[in-house]
Amino acid sequence: MSGYRRTMPLAGVVPFPEEFARRYRAAGYWQDRTLGEALDEACTWPCRRSR
């Protein structure tokens, strides 16, 4: 897991309360990676045939 990245919020976006963010990270729900990083990782998995 990469370190927590603070970025400037987009206009109109309300951030999650910090307590929620801490709880979600502790539970493993948030991994502090971008959607692009998650997709890159998914693309490296071996292809499997569905049953």
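Further up the page is the structure itself.
Figured I'd write up the structure that's included with this text.

Cut-offs and rules
Residues numbered from 1 in each chain as written. Predicted model: local features only at pLDDT ≥ 70, side-chain atom pairs only at ≥ 80, totals over all residues. Heavy atoms only, no water. Helix = DSSP H or I, 4+ residues; strand = E, 2+ residues; numbered from the N terminus. Phe/Tyr/Trp six-rings, centres within 6.5 Å; stacked < 30°, edge-to-face > 60°. Buried < 20%, exposed > 50% of the residue type's maximum accessible area, 1.4 Å probe, protein only. Lys NZ or Arg CZ within 6 Å of the ring centre and 35° of its normal.

**Side note on unusual backbone geometry**
With phi around 50°, Asp 32 is a residue other than glycine that occupies positive phi space. Its location among the elements puts Asp 32 in the loop between helix 1 (18-27) and helix 2 (35-42).

**A short note on the packing of aromatic side chains**
Per the stated rule, a full pass over the model turns up five aromatic pairs. Geometrically, the ring pair formed by Tyr 24 and Tyr 29 is tilted, given 6.3 Å between the ring centres and 55° between the ring planes. Since its relative accessible area comes to 63%, Tyr 29 is described here as exposed. The interplanar angle of 75° and the centroid separation of 5.1 Å between the aromatic rings of Tyr 24 and Trp 30 together place this pair among those described as edge-to-face. When its relative accessible area of 24% is taken as the criterion, Tyr 24 is described as partly exposed. Given the relative accessible area of 26%, Trp 30 is considered partly exposed. Across from the ring centre of Phe 20, 4.9 Å away, lies the NZ or CZ of Arg 23, which sits over that ring.

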